[in-house]
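If you want the building blocks of each chain, they are given just below.
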Amino acid sequence: GTHYEPTERMIVGQDKHLQASQKKLKPLPFIDDTWTWETDKDNYYTHDLHDWLQLRCKIDLWNNVDIVVDWKTGTKHSWEHDTKQIWFYAWMLKQKGIDIKEGYIVKLNEKLELERITRILITPEKLIAIENWIETIGSEIFDQLNSNEE
């Protein structure tokens, strides 16, 4: 894969995610110790979209049944990106035969205190939309790689 140098904001965000996972933060009343946190060893998922493209994800937090949670720790906020990330988690788990029903975007401040929670319902239409988006992005990557070879 391609190596990149992380930005300062990325480093801080990764550190906050790590802290939230290590503390087993429970910002929602139904989260308990049976959930899988980002740092748990079995919380890494892959899917071969094509023979040349493998998708990977590590879910911030999920209940191993039908709910995913995504931490937001930075100052930059994009509703469209955040929503697609929840849909992507649900789509990735669907590839493993797991049906996610809902996701939560949990915004934490610098002290890992709760600022906001947004609930996102997962529907078949949303899974189709994210799959189409993934295919489009995959095609753009493929086209770009091929144009660089010429």
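Provided above is the structure to which this section pertains.
Predicted model, so just to flag it, every value in this text is computed and none were measured.

### Some thoughts on the overall build of the protein
1) Next: Each helix and strand counted, the protein has 3 helices and 7 strands in total.
2) Next: Reading the helices (α) and strands (β) of the protein from amino to carboxyl end gives α-β-β-β-β-β-α-β-β-α.
3) Next: Whereas a compact globule of 150 residues would reach a radius of gyration of roughly 15 Å, the protein reaches 16 Å, a difference of no more than 12%.
4) Next: Every one of the 150 residues in the protein was classed for burial, and the buried ones make up 39%.
5) Next: When contacts within the protein are restricted to residue pairs at least 6 apart in sequence, long-range pairs at least 24 apart make up 56% of them.

### Quick notes on a nonpolar patch on the surface
1) Next: Among the surface-exposed residues, W52, I141, F142 and L145 lie close enough to one another that they form a single nonpolar patch of about 340 Å² accessible area.
2) Next: As for its placement among the helices and strands, F142 is situated in helix α3 (residues 124-149).

### Things to note about the pairing of strand β3 (residues 53-57)
1) Next: Only one face of β3 is buried, namely the one carrying L53, L55 and C57, since none of Q54 and R56 on the opposite face is buried.
2) Next: Note: strand β2 (residues 45-50) against β3, 5 bridges, orientation antiparallel. By the bridge assignment for β3, H50 is matched with L53.
3) Next: With antiparallel pairing between neighbouring strands as the criterion, β2 and β3 make up a hairpin whose turn holds 2 residues.

### Comments concerning the sheet that holds strand β7 (residues 114-121)
1) Next: Across the sheet, 5 strands lie side by side as β1-β4-β5-β6-β7; this open sheet has mixed pairing. Unpaired on one side and paired on the other, β1 (36-37) and β7 mark the two borders of the sheet.

### Quick notes on the pattern of salt bridges
1) Next: Considering all chains together, one arrives at 6 salt bridges under this definition.
2) Next: Among the salt bridges present, the one from D70 reaches K72, with a minimum N-O distance of 2.7 Å. For the pair D70 and K72, a shared accessibility class is recorded, and that class is buried.
3) Next: Across the pair D99 and K94 runs a salt bridge, and its minimum N-O distance is 2.5 Å.
4) Next: A network of salt bridges, in which partner residues are shared, links D70, K72 and D82.

### Observations concerning the side chain of T83
1) Next: With respect to the helices and strands, the residue T83 is situated in helix α2 (residues 79-94).
2) Next: Taking the relative accessible area as the measure of exposure, T83 reaches 9% and is therefore buried.
3) Next: For T83, the contacting residues outside a window of four places in its chain are I105 and I120.

### Some remarks on the packing of aromatic side chains
1) Next: Under the defined criterion, the tally for this structure stands at 4 aromatic pairs.
2) Next: Aromatic pair F30 and W35: ring centres 6.0 Å apart, planes at 35 degrees, arrangement tilted.
3) Next: By relative accessible area, W35 is classed as buried at 6%.
4) Next: Taking the relative accessible area as the measure of exposure, F30 reaches 36% and is therefore partly exposed.
5) Next: Through pairs of rings, three or more aromatic residues link up here, namely F30, W35 and Y104.

Conventions we followed
- Residues numbered from 1 in each chain as written.
- Predicted model: local features only at pLDDT ≥ 70, side-chain atom pairs only at ≥ 80, totals over all residues.
- Heavy atoms only, no water.
- Helix = DSSP H or I, 4+ residues; strand = E, 2+ residues; numbered from the N terminus.
- Rg over C-alpha atoms; globule rule 2.2 N^0.38 Å.
- Buried < 20%, exposed > 50% of the residue type's maximum accessible area, 1.4 Å probe, protein only.
- Contact = heavy atoms within 4.5 Å.
- Patch = residues over 30% accessible without salt bridge, like charges linked within 9 Å, V, L, I, M, F, W, Y side chains within 5 Å.
- Areas by Shrake-Rupley, 256 points an atom, 1.4 Å probe, with all protein chains shown as cover.
- Salt bridge = Lys/Arg side-chain N within 4 Å of Asp/Glu carboxyl O.
- Pairing = 2+ DSSP bridges.
- Phe/Tyr/Trp six-rings, centres within 6.5 Å; stacked < 30°, edge-to-face > 60°.

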